[in-house]
Amino acid sequence: MHTTPDGKINLHWWTNEINFGDLLAPWLAEKISGREVEFAERGSSAYVTIGSILSHVSDGCTVWGTGSFGTETTNQLARDADYRAVRGPLTRNKLTTNKIDCPRIYGDPALLTPRFYHPDVEKKHKLGIVLRWSETKRNQHNIPGVKPIHLGSDDIEGTIRSFLECEKILTTSLHGLIIADAYGIPNAWLDSKTPKGLEFKYWDYLISVDKVRHPQSYKLHAPGLTANQLIDAIDFDERPINIDLDSLYEACPFKP
């Protein structure tokens, strides 16, 4: 087990900065394990979970639910790590084509969030828009009837509540899709040119939950745009996810 001398869980995530998608990792690890979590620097012997951080894995790490950008070179893949589960089949394929063993256990661990946090929240907004934290200019939209949900936050539960206040979610963020799917909120994938590896990580996730769909384009700064116009123009996917979350949970290396 990867622990500190005082019994905390050694966990690595993308960067120890304020970003909802990254900070889901320590929040969920504490919920599952009932123990405190400490950030482990890249290259440490640690647990590696949520995020497209396959290239951050080093020999001796234990991997649970991590994903690939699709851009990693052979030299960036750790051969002597313990792979318990990965985000999706494309990540596993990346490993297995490089002759690295990995079981067919899939899922972004954030899909387990409702097992540990499921508040009763009143729907207040027809539509929530969740953009990648790096899309600073696009995040400045001001659309009547839309709730903007900003991911540059370390308030995990408050951000989840913001999702739950919305009847539908439109998002460029992978974890926007994942949280909406986890809580059964109809959602749509809005196209973005900013992610590293472009669409690879989205397809990896979508295949894992048997919910393949396509990105849709729309200009959020169009004059006079309203929530109703967006809802009419975008196809929102209401299908439930289809994935064995019990197997994902059982593969968790730090569950009690």
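Right above here is the structure, for reference.
For the structure given in this document, a descriptive report is provided here. Along every chain, residues carry numbers that run from 1 in the direction the sequence is written. Confidence filtering applies because this is a predicted model: local features only for residues at pLDDT of at least 70, side-chain atom pairs given and counted only at 80 or more, and all residues used for totals across whole chains, interfaces and linings. Computation of side-chain values: all heavy atoms of the structure, hydrogens and water removed.

1. Notes on the pairing of strand E4 (residues 62-66)
Only protein chains enter the accessibility calculation, which uses a 1.4 Å probe; a residue whose area is less than 20% of its type maximum is buried, one above 50% is exposed, and one in between is partly exposed. Runs of H or I in DSSP of at least four residues are treated as helices and runs of E of at least two as strands, each being numbered from the N terminus. Burial analysis of E4 places 5 of its 5 residues in the buried class, which makes it a mostly covered element. Two strands pair under a simple rule: DSSP has to find at least two bridges between them. One ladder, built from 2 bridges, connects strand E3 (residues 47-48) with E4; its direction is parallel. The residue bridging valine 48 from the neighbouring strand is valine 63, located in E4. The pairing of E4 with strand E5 (residues 82-86) spans 4 bridges and is parallel. For tryptophan 64, the partnering residue across the bridge sits in E5 and is alanine 85.

2. So, the environment of asparagine 228
Here asparagine 228 is to be found in helix H7 (residues 227-233). For asparagine 228, a relative accessible area of 41% corresponds to the partly exposed category. The spatial distance from the C-alpha of asparagine 228 to the C-alpha of leucine 127 is 8.6 Å, given a sequence separation of 101 residues.

3. Describing the packing of helix H1 (residues 20-33) against helix H4 (residues 156-164)
Running from N to C, H1 and H4 cross one another at 110°; their axes reach a closest spacing of 10 Å. One way to sum up the angle between H1 and H4 is to call them roughly perpendicular. Handedness of the H1/H4 crossing: left-handed. Residues Phe20, Leu23, Leu24, Trp27 and Lys31 of H1 lie in contact with H4, whose contacting residues are Ile156, Glu157, Thr159 and Ile160. Across the contact of H1 with H4, the residue classes break down as 6 nonpolar, 1 polar and 2 charged. For helices, the fitted line uses only the C-alpha atoms of the stretch in contact; every axis is such a line through C-alpha atoms, and the angle between N-to-C directions lies from 0 to 180 degrees. When an angle is under 35 degrees it counts as roughly parallel; over 145 it counts as roughly antiparallel; between 65 and 115 it counts as roughly perpendicular; any other value is oblique. In this scheme, a crossing is called left-handed if the near helix is turned counterclockwise away from the far one by less than a right angle; it is called right-handed if the turn is clockwise. Throughout, a residue-residue contact means that at least one pair of heavy atoms, one from each residue, lies within 4.5 Å. Amino acid classes used here: Ala, Val, Leu, Ile, Met, Phe, Trp, Tyr, Cys and Pro are nonpolar; Asp, Glu, Lys and Arg are charged; the rest, including Gly, are polar.

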